[in-house]
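Reading the structure
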Amino acid sequence: MKINKNYSKLEENYLFTEIALRTKRFCDANPDAPVIKLGIGDVTLPLPEIAADAIITAFEELKHAETFRGYGPELGYHFARKAVTDYYKNYGVQLDDGEVTIGDGIGSDIANITDIFEKSANTVLVPNPVYPLYKATSLMDNQKIVYIECTAENNFLPAPPDFPSDIIYLCSPNNPTGATFNFAQLQAWVDYANSCSAVILYDNAYERFIEESDKPHSIFQIDGAKTCAIEFGSLSKTAGFTCVRSGYTVVPFALKSDGILLNRMWQQRQTTKYNGAPYPQQRGLQAALSPAGITQADRNIAEYKKNSALITNVLNEKKVFYTGGKNSPYIWFRCPNGMSSWDFFDFLLNKVNVVGTPGVGFGSCGENYFRLTTFNTCVATKEAMERIRGIL
Ligand code: PLP
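Residues numbered from 1 in each chain as written. Predicted model: local features only at pLDDT ≥ 70, side-chain atom pairs only at ≥ 80, totals over all residues. Heavy atoms only, no water.

**Here we look at the packing of helix 1 (residues 14-29) against helix 10 (residues 341-352)**
Helix 10 packs onto helix 1 with a crossing angle of 30° between their chain directions and a minimal axis gap of 11 Å. Considering the angle they form, helix 1 stands roughly parallel to helix 10. Handedness of the crossing formed by helix 1 with helix 10: right-handed. Residues Y14, L15, E18, I19, R22, T23 and F26 of helix 1 form the contact with helix 10, whose own contacting residues are W342, F345, D346, L349 and N350. Looking at the contact of helix 1 with helix 10 residue by residue, the class counts come to seven nonpolar, two polar and three charged. (Axes fitted to C-alpha atoms, helices over the stretch in contact; angles between N-to-C directions. Helix = DSSP H or I, 4+ residues; strand = E, 2+ residues; numbered from the N terminus. Parallel < 35°, antiparallel > 145°, perpendicular 65-115°, else oblique. Left-handed = near helix turned anticlockwise from the far one by under 90°. Contact = heavy atoms within 4.5 Å. Nonpolar A, V, L, I, M, F, W, Y, C, P; charged D, E, K, R; others polar.)

Given below as structure tokens:
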């Protein structure tokens, strides 16, 4: 047996383990400290009612012989794929149902899509800082990674490089920086990808948080994207599905390499290695993407946005440089007095008992930065920001 030795290149999940360790150590030593966590990237508000009801009804169906179902289609039920193509119409994007597959959240789809690319043969552009999955899967596949620096100079929104590449990871609105491409910036990436026959793997997990009209909700709103992009959409943050698990992947028919359709390859991959997302989840997705579902989900997002305002008001008042917040549930700010990310983590925990996420944990360009999320309650966020105001 020969194992995939590339796994040895993976870093341990150091960031969140270390945060948990330091927080536990502090809480053990200070059991009465009123610790508030603004580091979590998980939602806290309940599912939109219409989605929850659809899931419950789907399980009810499975209780009765007349409505019971077994295996579903590997690529997703037609009703779910159509719910996605209908949703895209809100943004003026026309898709064929055959361009959409339904999965159980995009973490797995983003990882699994790499099956269709030759291992050890591609140059992959990975942003720094980055959502760790893109780097980890590129390492597992022994691809050549070239990091693209995201810094205050480019407002954490890098422009395409002046050399060719094969695979490009983009995430907008971004986790961890919250920075969001506008139409012109994303057009530059699409033009670049088409010019060197690269594919953009576009992580669209936070699209529903976008509120500025100059920011695209889908890469397919950009001219030329259908010949160079694959988009991943998740219900996790949009509709609170982190536990339920549901998402979709769009591989346009126009996306080809040497005449071979990537859509066909992805379908081959899924029908071989995946037996389809659970039926109740797909009913939940259908309900969440319906007009009523969107309205209810947007109510939750509006609640999280109140937290955004609580956080950014303090940063504005203290004239701290930050990105995100407006179109994203993440706020990424520069640590005060040139502090390192981890020194600021310890300082915040010890002085005001607030836990956040050190930016350096997402890559070297995150050093001296810190991430707060808007997913805690308004009461906790308000209290945390009052305390942070006192030390900035
Ligand atoms: N992509 C980004 C940028 C994320 O932040 C997350 C989850 O936090 C995911 C993908 C995973 O999403 P899902 O829950 O759909 O697997």
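**Considering the packing of aromatic side chains**
On inspection of all chains with the given rule, the structure shows 25 aromatic pairs. Both rings, one in Y134 and one in Y169, keep their centres 4.8 Å apart while their planes meet at 5°; by these two values the pair is stacked. Here the residue Y134 occupies a position in helix 5 (residues 132-140), and Y169 occupies one in strand 5 (residues 167-171), the gap between them amounting to 35 residues. The same class applies to Y134 and to Y169, which are both buried. Measuring from ring centre to ring centre gives 5.2 Å for Y206 and Y330, while their planes differ by 75°; the resulting arrangement is edge-to-face. You can see Y206 sitting in the loop between strand 6 (199-203) and strand 7 (229-234) and its partner Y330 sitting in strand 12 (residues 330-334), a full 124 residues away along the chain. The buried category is assigned to Y330, whose relative accessible area is 1%. Through successive ring pairs, a cluster of aromatic residues spans F156, F321, W332, F362 and Y369. The ring of F79 carries the charged tip of R283 above its face, separated from the ring centre by 3.7 Å. (Phe/Tyr/Trp six-rings, centres within 6.5 Å; stacked < 30°, edge-to-face > 60°. Buried < 20%, exposed > 50% of the residue type's maximum accessible area, 1.4 Å probe, protein only. Lys NZ or Arg CZ within 6 Å of the ring centre and 35° of its normal.)

**Observations concerning the sheet that holds strand 7**
Spatial strand order, 2-8-7-6-5-3-4: seven strands in an open sheet with mixed pairing. Across the chains shown, the open sheet's two edge strands, defined by having one partner strand only, are strand 2 (100-103) and strand 4 (144-149). Adjacent strand axes in the sheet meet at a mean angle of 20° when their direction is disregarded. By the bridge criterion, six bridges tie strand 3 (residues 123-128) to strand 4 in an arrangement that is parallel. Its bridge partner being in strand 4, N128 is matched across the sheet by E149. Those strands touched by helix 6 (residues 183-195) are strand 3, strand 4, strand 5 and strand 6, and its axis lies near 165° from that of strand 5. (Pairing = 2+ DSSP bridges.)

**Describing the domain arrangement of the protein chain**
How big an interface is tends to be stated in terms of the accessible area lost upon association of its parts. Domain annotation of the protein chain identifies domain 1 (5-47 + 295-389) and domain 2 (49-292). Here domain 1 and domain 2 have C-alpha centroids that lie 26 Å from each other. Taken together, the 34 residues of domain 1 in the interface contact 44 residues of domain 2. When the buried area of domain 1 at its contact with domain 2 is split by residue, L47, N327 and C365 rank highest and sum to 23% of it. Inspection of the domain 1/domain 2 interface yields four salt bridges. Here E11 ties to K135 by a salt bridge, and the two come within 3.0 Å at their closest N and O atoms. For the interface between domain 1 and domain 2, the tally reads 22 residue pairs in polar contact (both at pLDDT 80 or more). Listed by contribution, the elements that provide at least two residues to the side of domain 1 that touches domain 2 are helix 9 (291-317), strand 11 (322-324), strand 12 and strand 15 (369-373). The element that contributes the greatest number of residues to the side of domain 1 that touches domain 2 is helix 9, accounting for seven residues. (Domains from an automatic or database assignment. Buried area = accessible area lost by both parts, 1.4 Å probe. Salt bridge = Lys/Arg side-chain N within 4 Å of Asp/Glu carboxyl O. Polar contact = N/O pair within 3.5 Å; in protein donor to acceptor, adjacent residues only side chain to side chain.)

**Notes on the nonpolar core**
The biggest cluster of nonpolar side chains holds 86 residues, and the ones touching the most others in it are I168, W189, I200, I219, F220, Y248 and L285. Shared between two domains, this core holds at least three residues of each, these being domain 1 (5-47 + 295-389) and domain 2 (49-292). In this view, F220 contacts Y88, V93, L95, A225, K226, A229, E231, V250 and P252; residues no more than four positions away in its chain are not counted. Counting 30 residues, the second-largest nonpolar core is a separate cluster that includes V43, Y134, I145 and Y169. (Core = buried A, V, L, I, M, F, W, Y, C linked by side-chain atoms within 4.5 Å.)

**Quick notes on the sheet that holds strand 15**
As summarised here, the arrangement of the four strands in space is 11-12-15-14, forming an open sheet in which the pairing is antiparallel. Since the sheet does not close on itself, it has two edges, and those belong to strand 11 and strand 14 (357-358), each with one partner. Taken together, the two bridges between strand 14 and strand 15 define a ladder with antiparallel strand orientation. Bridging from a neighbouring strand, P358 pairs with F370 of strand 15. Taken strand by strand, helix 9 contacts strand 11, strand 12 and strand 15, and its axis lies near 15° from that of strand 12.

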